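# Overview (structure and organization)
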Amino acid sequence: MNYPSRVFQGRDDMRILLRSAEAGDAAALLRLKAELNKDSYYNDLNPDDIPLDAAQQEAEIRDFADCPNKLMLLAFEQGELIGAALISPVSPNPKTKHRALYQGGVLKHYWGYGVGTVLTQELFKHAEEMAYTQYEVEVFADHFRAIEMYQSLGFEEWGRIRRAFRIQNDDIDKLYMGKTL
């Protein structure tokens, strides 16, 4: 699915450009993923664990553009890619076609400016067109900013995986949050 480019006002007069990912964004998206993994540990991967190369990232972007029930949005500020988010089916199983998985990230320097909220809200507006009736997200239990944002958008905690992550000998739970329409 494609999303038309739109500009939103973030906090402190930040102008956030949102648009669908395009094949030419593959290298920038890979750099963003690597930087997100370096910024904080709130990702499943370590900084050097990016599983895709540029060609694979391009193919994933094309898949999202061609698929009517997937959407990948990118957020730019003054031409710099600062965040990305996507919504896709939880699985291809017909029994779960009503469930959408949300994933997203914003560079730490841009936390608190409303970028994540705008990305999430815009994805969910278009998710309704894709016939989703349930949204799901996984989040580190100590990522309080993200949890607060999801709660402000109507998400509730639906479950918890104890000790899902081990970071420098500390065990951290994973929350499973959801929202139904």
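None of the values given here were measured: they were computed from a predicted structure.

### What about the pattern of salt bridges?
- Within this structure, the stated rule accounts for 14 salt bridges.
- One salt bridge connects Lys 174 with Glu 138, and the closest N-O pair in it is separated by 2.9 Å. Here Lys 174 is found in strand β8 (residues 170-180), whereas its partner Glu 138 is found in strand β6 (residues 134-140), with 36 residues between them in sequence.
- Of the residues examined, Lys 174 reaches a relative accessible area of 13% and is grouped as buried.
- Arg 166 is paired through a salt bridge with Asp 171; the nearest N and O atoms lie 2.7 Å apart.
- Among the charged side chains, a network of salt bridges with common partners joins Glu 157, Arg 160, Arg 162 and Asp 173.

### Here we look at the sheet that holds strand β7 (residues 156-167)
- If you walk across this open sheet you meet the eight strands as β1-β2-β3-β4-β5-β6-β8-β7, and the pairing is mixed. The sheet is open, and its two borders are formed by β1 (6-9) and β7, each paired with just one other strand. When the angles between neighbouring strand axes are averaged without regard to direction, this sheet yields 25°.
- Of the strand pairs in this sheet, strand β2 (residues 15-20) and strand β3 (residues 71-77) are connected by four bridges, and their pairing is antiparallel. The residue of β3 that forms the bridge with Leu 17 is Phe 76.
- Set on the sheet, helix α1 (residues 26-39) makes contact with β3, β4 (80-89) and β5 (99-106); between it and β4 the angle comes to about 95°.
- Sitting on the sheet, helix α4 (residues 144-152) touches β5, β6 and β8, and the angle it makes with β6 is about 165°.

### Some remarks on the packing of aromatic side chains
- According to the stated counting rule, one finds 10 aromatic pairs in the structure shown.
- Measuring from ring centre to ring centre gives 3.9 Å for Phe 140 and Phe 165, while their planes differ by 10°; the resulting arrangement is stacked. With Phe 140 in strand β6 and Phe 165 in strand β7, this pair connects stretches of sequence that are 25 residues apart.
- Look at Phe 140 and you get buried, because its relative accessible area is 3%.
- Residue classification places Phe 165 among the buried residues on the basis of a relative accessible area of 13%.
- One Lys or Arg, Lys 70, reaches over the ring of Phe 64 and ends 5.2 Å from the middle of that ring.

Reading the values: the criteria
Residues numbered from 1 in each chain as written. Predicted model: local features only at pLDDT ≥ 70, side-chain atom pairs only at ≥ 80, totals over all residues. Heavy atoms only, no water. Salt bridge = Lys/Arg side-chain N within 4 Å of Asp/Glu carboxyl O. Helix = DSSP H or I, 4+ residues; strand = E, 2+ residues; numbered from the N terminus. Buried < 20%, exposed > 50% of the residue type's maximum accessible area, 1.4 Å probe, protein only. Pairing = 2+ DSSP bridges. Axes fitted to C-alpha atoms, helices over the stretch in contact; angles between N-to-C directions. Contact = heavy atoms within 4.5 Å. Phe/Tyr/Trp six-rings, centres within 6.5 Å; stacked < 30°, edge-to-face > 60°. Lys NZ or Arg CZ within 6 Å of the ring centre and 35° of its normal.

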